[in-house]
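Inside the fold
Read off the chains here:
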Amino acid sequence: EMKNLGYAHDRMLFYKDTGDLTEEVWDILLYMALGENDDVATQQQFYQAHAGGDYATKQSIHEQYYPLTAAKLSDHIETFLDELDTLERKGEYGGKVAADDHPRLPLIMRHNEFVKKTFLTVRNAQGLDQNNYA
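It should be emphasised that the depicted structure is a prediction, and the values quoted were computed from it without experimental measurement. Sequence order as written defines the numbering, with residues in each chain counted from 1. In keeping with the predicted nature of the model, local features appear solely for residues at pLDDT of at least 70, side-chain atom pairs appear and are counted solely at 80 or more, and the whole-chain, interface and lining totals rest on all residues. Only hydrogens and water are removed before side-chain values are computed, so all heavy atoms of the structure are retained for them.

1. Section: unusual backbone geometry
With a phi angle near 55 degrees, aspartate 38 is a residue other than glycine that sits in the positive phi range. Secondary structure counts use DSSP, requiring at least four H or I residues in a row for a helix and at least two E residues in a row for a strand, with both numbered from the N terminus. With respect to the helices and strands, aspartate 38 occurs in the loop between helix H2 (23–36) and helix H3 (40–51).

2. Observations concerning H2
One less than the number of residues in a helix, times 1.5 Å, gives the span that helix is expected to have. Helix length check: H2 (14 residues) gives 20 Å between terminal C-alpha atoms against 20 Å at 1.5 Å per residue, within 8%. Buried means the residue's accessible area, taken with a 1.4 Å probe over protein chains only, is under 20% of the maximum for its type, while exposed means over 50%, and partly exposed covers the values in between. Along H2, the positions that sit buried rather than exposed are Val25, Trp26, Asp27, Ile28, Leu29, Leu30, Tyr31, Ala33 and Leu34. Note on H2: the residue one or two positions beyond its end, aspartate 38, has a positive phi of about 55 degrees.

3. Here we look at the packing of aromatic side chains
Put simply, two rings from Phe, Tyr or Trp (the six-membered ring, in Trp's case) pair if the centres are within 6.5 Å, and we call them stacked under 30 degrees between planes, edge-to-face over 60, tilted for the rest. A full pass over the atoms with the stated rule returns 3 aromatic pairs. Considering the side-chain rings of phenylalanine 14 and phenylalanine 119, the 5.2 Å spacing of their centres and the 70 degrees angle between planes classify their relative orientation as edge-to-face. Of this pair, phenylalanine 14 sits in the loop between helix H1 (2–5) and H2 while phenylalanine 119 sits in helix H6 (residues 105–125), placing them 105 residues apart in sequence. Taking the centre distance of 6.0 Å and the plane angle of 40 degrees together, the rings of tryptophan 26 and tyrosine 66 count as tilted.

4. Some points on the packing of H2 against helix H4 (residues 55–64)
Throughout, an axis means a line fitted to C-alpha atoms (over the contacting stretch in the case of helices), and angles, computed between N-to-C directions, take values from 0 to 180 degrees. It is at 11 Å that the axes of H2 and H4 come closest, and there the two elements cross at 65 degrees. You can see that H2 and H4 cross each other, and the crossing is left-handed. Together, Glu23, Trp26, Asp27, Leu30 and Leu34 of H2 and Tyr55, Lys58, Ile61 and His62 of H4 make up the contact between the two elements. All residues other than Ala, Val, Leu, Ile, Met, Phe, Trp, Tyr, Cys, Pro, Asp, Glu, Lys and Arg, Gly among them, are scored as polar; the first ten of these are nonpolar and the last four charged. Of the residues belonging to the contact of H2 with H4, the class tally is 5 nonpolar, 1 polar and 3 charged. By convention, the crossing between two helices is left-handed when the near helix turns anticlockwise from the far helix through less than a right angle, and right-handed when the turn is clockwise. Note on contacts: a residue pair qualifies if any of its non-hydrogen atoms lie within 4.5 Å across the two residues.

5. Regarding the pattern of salt bridges
A side-chain nitrogen of Lys or Arg and a carboxyl oxygen of Asp or Glu constitute a salt bridge if their distance falls within 4 Å. One pass over the structure, following the stated rule, counts 7 salt bridges. A salt bridge links glutamate 78 to arginine 123; the shortest N-O distance between them is 2.8 Å. With glutamate 78 in helix H5 (residues 66–97) and arginine 123 in helix H6, this residue pair connects regions lying 45 residues apart in the sequence. Because the salt bridges share partners, they merge into one network encompassing Glu23, Asp27 and Lys58.

6. Comments concerning the nonpolar core
Side-chain atoms within 4.5 Å are what join buried Ala, Val, Leu, Ile, Met, Phe, Trp, Tyr and Cys residues into a set we call a nonpolar core. Core analysis: the biggest nonpolar cluster contains 14 residues, and Phe14, Leu21, Leu73, Ile77 and Phe119 have the highest contact counts within it. When contributions to this core are tallied by element, the ones reaching two or more residues are H2, H5 and H6. The biggest single contributor to this core is H5, with 5 residues. Core analysis: the next-biggest nonpolar cluster, separate from the first, contains 9 residues, Ile28, Leu30, Tyr31 and Tyr47 among them.

7. Quick word on H6
Spanning 21 residues, H6 covers 30 Å between terminal C-alpha atoms, matching the ideal 30 Å at 1.5 Å per step. Among all positions in H6, only Leu105, Asn112, Val115, Lys116, Thr118, Phe119, Val122 and Arg123 are buried. Considered in projection along H6, the buried side chains sweep an arc of 160 degrees and stay on one side of the axis. In H6, the exposed positions angled more than 90 degrees off the buried face are occupied by Leu107, Arg110 and Lys117. Downstream of H6 by a residue or two, glycine 127 has a phi angle that is positive, lying close to 75 degrees. Each direction from the helix axis to a C-beta atom contributes to the arc, which is the arc of those directions.

From the geometry alone we can't say anything about function, so treat these as descriptive.
Okay, here's the thing in structure tokens:
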């Protein structure tokens, strides 16, 4: 069912400049949150609305459960930011200890910084920076 909702890595996007998310991200977050809260009836109603092209019902469920979806997004972002901070500290230490042994470390560090900035942009754009939903 999640694949039918759009769960494909090439469509699960956060936009780095605006902090917007694709519809598929919102759909998957809501679907997962409903399942985790044992709200199987609403989860199936949402899935059927998606599969049947019933945008009004789908949007209504999104609006009703926005706090739940926003909490799921906030948790995902904060988890990644924590991981990136840990990796940054390891990379800085590793770079000092074995500078010549890891020639790709600077590239990896730049990539991680790019990802971190993207997640911070999303967090701010979605109003999650005040820990409203965490």
